[in-house]
Amino acid sequence: LLINNTILKDIASENTFVIMTTLTLLRYFLTEDLIKQILPILKTLVKHQTSIIRRKSYFVLFNIYQDYPHLFSDIKPLVINAINDHETPVIFSGVNMLYPLVMANPHLYKEQTKKLTEILWSILEHRYPKEYDYHRIPAPWLQISILQML
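Since we're looking at a predicted model, the values are computed, not measured.

Trainee: What's the story with the side chain of Asp 10 in this structure? I'm lost.
Mentor: Tracing the backbone shows Asp 10 in helix α1 (residues 2-11). At a separation of 3.5 Å, a polar atom in the side chain of Asp 10 contacts the side chain of Lys 9. Leaving out residues up to four positions away in the same chain, Asp 10 has contacts with Val 18, Ile 19 and Thr 22.

Trainee: Would you explain the packing of helix α7 (residues 113-124) against helix α8 (residues 140-149) in this entry?
Mentor: Two measures define how a pair of helices packs: the angle their axes make with one another and the distance between the axes. Packing of α7 against α8 leaves a shortest axis separation of 10 Å and a crossing angle of 150°. Judged on the interaxial angle alone, α8 and α7 are roughly antiparallel. Crossing handedness for the pair α7 and α8: left-handed. From α7, Leu 116, Ile 119, Leu 120, Ile 123 and Leu 124 reach across to α8, where they touch Leu 142, Gln 143, Ile 146, Leu 147 and Met 149.

Trainee: Quick question: what am I supposed to make of unusual backbone geometry here?
Mentor: A negative phi angle is the norm for most residues apart from glycine, just as the trans form is the norm for most peptide bonds. The residue His 135 is not glycine, and still its phi comes out positive at about 50°. With respect to the helices and strands, His 135 occurs in the loop between β1 (133-134) and β2 (137-138). What makes His 135 exposed here is its relative accessible area of 65%. Located in the positive-phi region is Arg 136, a residue other than glycine, with phi close to 65°. For Arg 136, the position within the fold is in the loop between β1 and β2.

Trainee: What is the right way to look at the pattern of salt bridges in this model?
Mentor: Between side chains of opposite charge, pairing is possible as soon as their charged atoms come close. Going through the model one piece at a time under the given rule, you end up with 5 salt bridges. Linking Arg 54 and Asp 85 is a salt bridge whose minimum nitrogen-to-oxygen distance equals 3.0 Å. Taken together, the residues Arg 54 in helix α4 (residues 51-67) and Asp 85 in the loop between α5 (76-83) and α6 (88-104) connect sequence positions 31 residues apart. In terms of burial, Arg 54 and Asp 85 fall into one category: buried. Between Lys 76 and Glu 111 there is a salt bridge, with its nearest N and O atoms 2.6 Å apart. Here Lys 76 is found in helix α5, whereas its partner Glu 111 is found in the loop between α6 and α7, with 35 residues between them in sequence. For Glu 111, a relative accessible area of 45% gives the class partly exposed. A network of salt bridges, in which partner residues are shared, links Lys 114, Lys 115 and Glu 118.

Trainee: What's the story with the nonpolar core in this structure? I'm lost.
Mentor: Across soluble globular proteins, nonpolar side chains have a tendency to be buried as a group. In this structure, Leu 23, Leu 26, Leu 42 and Ile 146 are the most contacted members of the largest nonpolar core, which totals 45 residues. Of all the elements in the fold, those that place two or more residues in this core are α1, α2 (16-26), α3 (32-45), α4, α5, α6, α7 and α8. For this core, the element with the most residues is α6, which contributes 8 residues. Apart from the residues lying within four places of it in its own chain, the contact partners of Leu 26 are Ile 7, Ile 11, Leu 34, Ile 38 and Val 60.

What counts, and at which threshold
- Along every chain, residues carry numbers that run from 1 in the direction the sequence is written.
- At least 70 in pLDDT is required for a residue's local features to be given in this predicted model, at least 80 for side-chain atom pairs to be given and counted, and no such filter applies to totals for whole chains, interfaces and linings, which use all residues.
- As a convention, hydrogens and water are excluded, and side-chain values are obtained from all of the structure's heavy atoms.
- Secondary structure elements are taken from DSSP: a helix is a run of H or I of four residues or more, a strand is a run of E of two residues or more, and numbering for both begins at the N terminus.
- We call two N or O atoms a polar contact when they sit within 3.5 Å, provided that within protein one can donate a hydrogen and the other can accept it, with sequence-adjacent residues counted only if both atoms are side-chain atoms.
- Contacts were defined at the residue level, with two residues in contact if any of their heavy atoms lie within 4.5 Å.
- Every axis corresponds to a line fitted to the C-alpha atoms, with the helix fit spanning only the stretch in contact, and the corresponding angles, defined between N-to-C directions, vary from 0 to 180 degrees.
- In what follows, roughly perpendicular refers to angles from 65 to 115 degrees, roughly parallel to angles under 35, roughly antiparallel to angles over 145, and oblique to any angle outside these ranges.
- In a left-handed crossing the near helix is turned counterclockwise from the far helix by less than a right angle, and in a right-handed crossing that turn is clockwise.
- Categorising residues by exposure relies on relative accessible area from a 1.4 Å probe, with only protein chains included: less than 20% of the type maximum marks a residue as buried, more than 50% marks it as exposed, and the intermediate range marks it as partly exposed.
- A pair is scored as a salt bridge if a Lys or Arg side-chain nitrogen falls within 4 Å of a carboxyl oxygen belonging to Asp or Glu.
- Only buried residues count toward a nonpolar core. Its members are Ala, Val, Leu, Ile, Met, Phe, Trp, Tyr and Cys residues joined through side-chain atoms within 4.5 Å.

None of the figures reported here should be taken as evidence of function without further support.
What follows is the structure, given as structure tokens:
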């Protein structure tokens, strides 16, 4: 009970560092009761102005979906919002979240083919920051993931 209240207080904080740290550690403390309390907060954090908060929020929601699928009606809109974000880290995280979903049921995600192709072309044309390059190859692991999904 005490840890749940602390997590709720920290995740609703105004301090970006506190929110980011809480989101990072949250996966180790998830219980069904806590999830029911933080789910609305997490769904608002995916609209946060800071990309790292959005990225971590999407990952926590995806972890909840994987561990407690009965608490989610549908993860698809969240993942689609992530790949349609305007920040590179969130887009790449969205692609990584989309990968297991597409591999499990490709027919549900056919409409994402165009967006994945756009992301792949952007990678190949070096439109994303150099920090995603590996030996001057732009985001090679993400390219492989996208090609496998297509």
